[in-house]
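# Coordinate inspection notes
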Amino acid sequence: MIKRIDNKNILNELKSIGFDEKYVEHGAKKHSFITLKITNLPPHIATIIKESALSKGTDAGVNKNVLMHKINSSDLILSGTIKQLNEIKDCLYNQPFGLKEISKEIEKEIKLYYEEKLPKITGILNITEDSFSDGGKYLDFEAAITHANDMIKDGAKIIDIGAESTRPNAKPIDCETEIKRLAQVVKELKKTNITVSIDTRNHKTAEFMLNLGADIINDVSGLEYDKNMINVIKNSKADIIIMHSRGTPETMDKLTEYKNIADEIYEELYKKIEYLNSEGIENKRIIIDTGFGFAKNIEQNFELLKRIREFNSLNVRHLAGVSRKRFLQSIAQNKTIEEFDDITMLTSFYLMQSNVDLIRVHNVKKTKTALELYKKLFIGKDLIFEFDS
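Residues numbered from 1 in each chain as written. Predicted model: local features only at pLDDT ≥ 70, side-chain atom pairs only at ≥ 80, totals over all residues. Heavy atoms only, no water.

### Quick notes on the pattern of salt bridges
In the structure shown here, the tally under the stated rule is 30 salt bridges. Between Arg317 and Asp239 there is a salt bridge, with its nearest N and O atoms 3.0 Å apart. Taken together, the residues span a long stretch of sequence, with Arg317 in strand β10 (residues 317–320) and Asp239 in strand β8 (residues 239–243) at a distance of 78 residues. Taking the relative accessible area as the measure of exposure, Arg317 reaches 27% and is therefore partly exposed. Residue Asp239 is classed as buried on the basis of its relative accessible area of 16%. Among the salt bridges present, the one from Lys271 reaches Glu267, with a minimum N-O distance of 3.4 Å. Placement of the pair is Lys271 and Glu267 together in helix α10 (residues 261–278), with a separation of 4 residues, close to one helical turn. On the basis of relative accessibility, which here comes to 43%, the residue Glu267 falls in the partly exposed class. The structure contains a network of salt bridges with shared partners spanning Lys37, Asp263, Glu303, Lys306, Arg307 and Glu310. (Salt bridge = Lys/Arg side-chain N within 4 Å of Asp/Glu carboxyl O. Helix = DSSP H or I, 4+ residues; strand = E, 2+ residues; numbered from the N terminus. Buried < 20%, exposed > 50% of the residue type's maximum accessible area, 1.4 Å probe, protein only.)

### Considerations on the sheet that holds strand β3 (residues 74–81)
The strand order across the open sheet formed by 3 strands is β1-β3-β2, and the pairing between neighbours is antiparallel. Since the sheet does not close on itself, it has two edges, and those belong to β1 (33–41) and β2 (59–62), each with one partner. Put simply, the sheet's adjacent strands are angled 20 degrees from each other on average, direction ignored. Where β2 and β3 come together, 4 bridges link them in antiparallel fashion. Residue Ala60 lies in a different strand from β3, and its bridge partner there is Leu78. Relative to β3, helix α4 (residues 82–93) is tilted by about 125 degrees, and along the sheet it contacts β1 and β3. (Pairing = 2+ DSSP bridges. Axes fitted to C-alpha atoms, helices over the stretch in contact; angles between N-to-C directions. Contact = heavy atoms within 4.5 Å.)

### Some points on the nonpolar core
Leu125, Ile161, Leu189 and Phe311 are the most contacted members of the largest nonpolar core, which has 73 residues in total. For Ile161, the contacting residues outside a window of four places in its chain are Leu125, Ile127, Leu182, Val185, Val186, Leu189, Val196, Ser197, Ile198 and Asp199. Ile45, Val66, Ile88 and Ile106 belong to the second largest nonpolar core, which has 23 residues in total. (Core = buried A, V, L, I, M, F, W, Y, C linked by side-chain atoms within 4.5 Å.)

### Quick look at the sheet that holds strand β4 (residues 120–126)
Spatially, the 8 strands close up into a barrel ordered β4-β5-β6-β7-β8-β9-β10-β11, and their pairing is parallel. Each neighbouring strand pair of the sheet contributes to a mean axis angle of 25 degrees, computed without reference to strand direction. Relative to β10, strand β9 (residues 286–289) runs parallel, the two being bridged by 3 bridges. By the bridge assignment, Ile288 is partnered in β10 with His318. Where helix α7 (residues 175–189) meets the sheet, it contacts β4, β5 (158–162) and β6 (195–199), and its direction lies at approximately 160 degrees from that of β5.

### Some details on the side chain of Ser245
Here Ser245 is to be found in the loop between β8 and α10. Judged by its relative accessible area of 17%, Ser245 falls in the buried class. Sequence-distant contacts of Ser245, that is, excluding residues within four places in its chain, are made with Val220, Met252 and Phe294.

### What about helix α14 (residues 364–378)?
Look at α14: 20 Å from first C-alpha to last across 15 residues, which is about the 21 Å you get at 1.5 Å a residue. Taken residue by residue, α14 has Val364, Lys366, Thr367, Ala370, Leu371 and Tyr374 as its buried positions. For α14, the arc enclosing every buried residue in end-on projection is 160 degrees, short of the 170-degree limit, so these residues lie on one face. Along α14, the residues that are exposed and aim more than 90 degrees away from the buried face are Lys365 and Lys376. The inward-facing, buried residues of α14 abut β4, α6 (141–154), α13 (337–353) and β11 (358–361). (Expected span 1.5 Å × (residues − 1). Arc of directions from axis to C-beta.)

### A word on the confidence of the model for the chain
Overall, the prediction assigns the chain a mean pLDDT of 92, with 95% of residues at 70 or greater. The model gives residues 382–389 a pLDDT under 50, and that stretch makes 26 contacts with residues more than four places away or in other chains. (pLDDT = per-residue confidence, 0-100.)

### Some thoughts on the packing of helix α3 (residues 43–55) against α4
Between α3 and α4, the shortest axis-to-axis distance is 9 Å and the interhelical angle comes to 135 degrees. Here α3 is positioned oblique relative to α4, judged by the angle of their axes. Regarding α3 and α4, the two cross each other, and that crossing is right-handed. Where α3 abuts α4, its residues Ile48, Ile49, Ser52 and Ala53 lie against Ile88, Cys91 and Leu92. Here the contact of α3 with α4 is composed, by residue class, of 6 nonpolar, 1 polar and no charged. (Parallel < 35°, antiparallel > 145°, perpendicular 65-115°, else oblique. Left-handed = near helix turned anticlockwise from the far one by under 90°. Nonpolar A, V, L, I, M, F, W, Y, C, P; charged D, E, K, R; others polar.)

### Things to note about a nonpolar patch on the surface
Nonpolar side chains collect at one region of the surface, where Ile17, Phe19 and Tyr23 lie side by side and expose about 330 Å² of accessible area between them. Within the secondary structure layout, Phe19 lies in the loop between α1 (10–16) and α2 (24–29). (Patch = residues over 30% accessible without salt bridge, like charges linked within 9 Å, V, L, I, M, F, W, Y side chains within 5 Å. Areas by Shrake-Rupley, 256 points an atom, 1.4 Å probe, with all protein chains shown as cover.)

### Thoughts on the environment of Glu51
With respect to the helices, strands and loops of the structure, Glu51 is situated in helix α3. The spacing of Glu51 and Ile88 is 37 residues in sequence and 9.6 Å in space, taken between C-alpha atoms.

### Looking at α13
For α13, which comprises 17 residues, the first-to-last C-alpha distance of 24 Å matches the rise-based estimate of 24 Å (1.5 Å per residue) to within 8%. The complete set of buried residues in α13 reads Glu339, Phe340, Asp341, Ile343, Thr344, Thr347, Ser348, Phe349, Leu351 and Met352.

Structure, rendered in structure tokens:
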């Protein structure tokens, strides 16, 4: 009888067959496999990495013209067991040409492989007239607070409050209106211990809400809409959510040209993180959002979802917002809110397995159910062993 086993559970599997307990962690590293993509390498560096891989019994894929030096750069695909990758990164550590930094990045990816996360549920509170799902429902202060408290009771750790709709074709609102809608709600919620996130593109709104005690600014434009936003973030202690998008809500549906959507979004977010770092904002304050539904068509959103785990390599926290999005609605049968929330719950369970840090949803209760199942299946098992750098 032959059966496939879960590679993440290899430590327990080896123990179950009577593998020597003294060597079980070492043995598990020979059975745990990772594939990495390293981009834009000069031919001589790609060649060194490939030769290092071959010397350890594995291989690296490069452009066919690398060995003849017919191209200026190549991406590289490196695969191997944990044991092999540990040995490769040790080989590279003392090499010239910046290979020490690549060695450190390989070490980071090995650590990420074994990382278990319990994501935080972020509840959506739209104080808007025209949001795509619940516009108008919570414009009233009492309705907004009641809904926020319900989400907290259901398991939300963060409340993300927005007063301007960013659905496709939505019109912008002025800062005065945005501040007026948000201020009273933020003041009330800050009387509790809940973390408050403000969904805004405007630096004046962000600054006003931070002065009221808001903890996070969620800029869906990725700092592109209001160039003064960076100064507000720099002069505060708040975290910043940087979302990938193109254009504005009025134009983004026309800006969906990508050759490789996951790679291009990864590179754009990577550059945003570099920019924030250059402005003195450390990674611990940065959260990325790949921007499902923003300048992406239905199939592109599904491709991005399929490859969502790749974005953990950015080494910052990762928020995913798929709740009731059009691409999920496209697979619904009856097109009801309840069905959209069921599909969102299933997708959230997948995102949890992909090690996303924050999951932004309308229906917190159903997402909490998915989280409880995730905890039963994936958290606290004997899967992680000590990493020897």
